[in-house]
Amino acid sequence: MAQFVYGKNVVKQMLMDKSRIKQIYMSADDRTIVQLAKQHNVRIQRVDKNTLKTMAKSDHHQGVVAEFEGYPLYSVEQIVDGVSTPGQGLIIMVDELEDPHNLGAILRTADAVGADGVIFKKTNSVGLTPTVAKVSAGAIDTVKCAAVTNLTRTLEDLQKRGWWAVGTSMDGQDYRNVKYDFNTILIIGNEGKGISRLLRQKCDYVVSLPMVGKIESLNAAVSAGILMYSIYSMRNPVR
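Since this is a predicted model, take the numbers as computed values, not measurements.

A. Quick peek at the sheet that holds strand E10 (residues 205-208). Pairing in this open sheet of 6 strands is parallel, and the strands run E7-E6-E5-E9-E8-E10 from one edge to the other. Every other strand in the sheet has two partners, leaving strand E7 (145-148) and E10 as the edge strands with one partner each. Between one strand axis and the next, the sheet turns by 30° as a mean value, whatever way the strands run. In terms of strand pairing, strand E6 (residues 117-121) meets E7 through 4 bridges, oriented parallel. Note on E7: the bridge partner recorded for phenylalanine 120 is alanine 147. Along the sheet face, helix H5 (residues 100-113) touches strand E5 (90-94), E6, E7 and strand E9 (184-188) and points at about 175° away from the line of E5. In the packing of helix H9 (residues 220-235) onto the sheet, the strands contacted are E5, strand E8 (164-174), E9 and E10, and the crossing angle to E9 comes to about 160°.

B. Just the pattern of salt bridges, in detail. On inspection of all chains with the given rule, the structure shows 10 salt bridges. Close ionic contact of aspartate 30 with lysine 12 constitutes a salt bridge, the shortest N to O distance being 3.4 Å. With aspartate 30 in the loop between strand E2 (21-26) and helix H2 (31-39) and lysine 12 in helix H1 (residues 8-16), this pair connects stretches of sequence that are 18 residues apart. Here lysine 53 makes a salt bridge to aspartate 59, at a shortest N to O gap of 3.3 Å. The partly exposed category is assigned to lysine 53, whose relative accessible area is 40%. A relative accessible area of 53% means that aspartate 59 is categorised as exposed. Counted as one network, the salt bridges with shared partners bring together Glu96, Lys121 and Lys193.

C. Structural detail: helix H7 (residues 151-160). Of the positions making up H7, those classed as buried are Leu151, Thr152, Thr154, Leu155 and Leu158. The buried side chains of H7 occupy one side of the element, clustering within an arc of 160° when seen end-on. The backbone nitrogen of threonine 152 lies 3.0 Å from a side-chain oxygen of the residue at the head of H7, namely asparagine 150.

What counts and how
Residues numbered from 1 in each chain as written. Predicted model: local features only at pLDDT ≥ 70, side-chain atom pairs only at ≥ 80, totals over all residues. Heavy atoms only, no water. Pairing = 2+ DSSP bridges. Helix = DSSP H or I, 4+ residues; strand = E, 2+ residues; numbered from the N terminus. Axes fitted to C-alpha atoms, helices over the stretch in contact; angles between N-to-C directions. Contact = heavy atoms within 4.5 Å. Salt bridge = Lys/Arg side-chain N within 4 Å of Asp/Glu carboxyl O. Buried < 20%, exposed > 50% of the residue type's maximum accessible area, 1.4 Å probe, protein only. Arc of directions from axis to C-beta. Polar contact = N/O pair within 3.5 Å; in protein donor to acceptor, adjacent residues only side chain to side chain.

Written out as C-alpha cells, the structure reads:
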C-alpha cells in the first residue's frame, strides 16, 4: 500500500537510505533531491502546491512529497496462526507509543528473541514509518505487525483463545516473579502515560522492573527489551 512523506530533509534521507520511494512530486527546486533521485532511478513529477497539500494533508510540505511502498501489515489472526511453539507464543502490544525510535527498537528486539508479532493501534500511535524502519535495522520486514482499531477488544479476543496479558507499570510486581510459561501478550505503555486504564484492568499480571537508582523510570524500548529477554531466558535456559 502506497504511503506519502513530505519535507526536503525527510525525502533526502529516504533517498540516501535506499528506501522504497516509488515517485517524487515537486513544486520546488532542489538540486540534491534531483541528483539523488537520478542515482536511484526514482521518477520526479512536477505538480503545483495545492496538489502537494492534498497529498501531504499539510501546508508544510516544503514543495516536495514522496510516494513510497508501505511496510507489510498482518492480521492478528495471521500472527496467532504463525506461532511456532504452542503455549510459548509472545506478542508485544504497544499502547499509543509516540516515538518512532521506541517502536523501531522494540521491533529489533522482538526479532532477536523470536517474538511472534507486534500489535499497535491504527490511530493515536506511531505506525510503520521510514524512521521506524531505519531504527529496526530490517526487523520491520521480519516481525509481523498488526494495526488494530481497538486494543482492549483485541486483547479480550486473544484472552478467550488462551493468551495471558502481562502489563507493565511502575507499581506492578517484580517481573521475575512471573514464569511466562503460557502464550504471553506483553503490553508496553505510552512513554508518558503508561498503559491505559482499560488495558490494565484486563491484564492477568502487572509487572515492573526494580529501580534502585535515582532515575524513576526507563525508556519504553529499554523496558520492553529487558522483559522480552527475560521471557526468552526463562523459556530457553542455558543447558
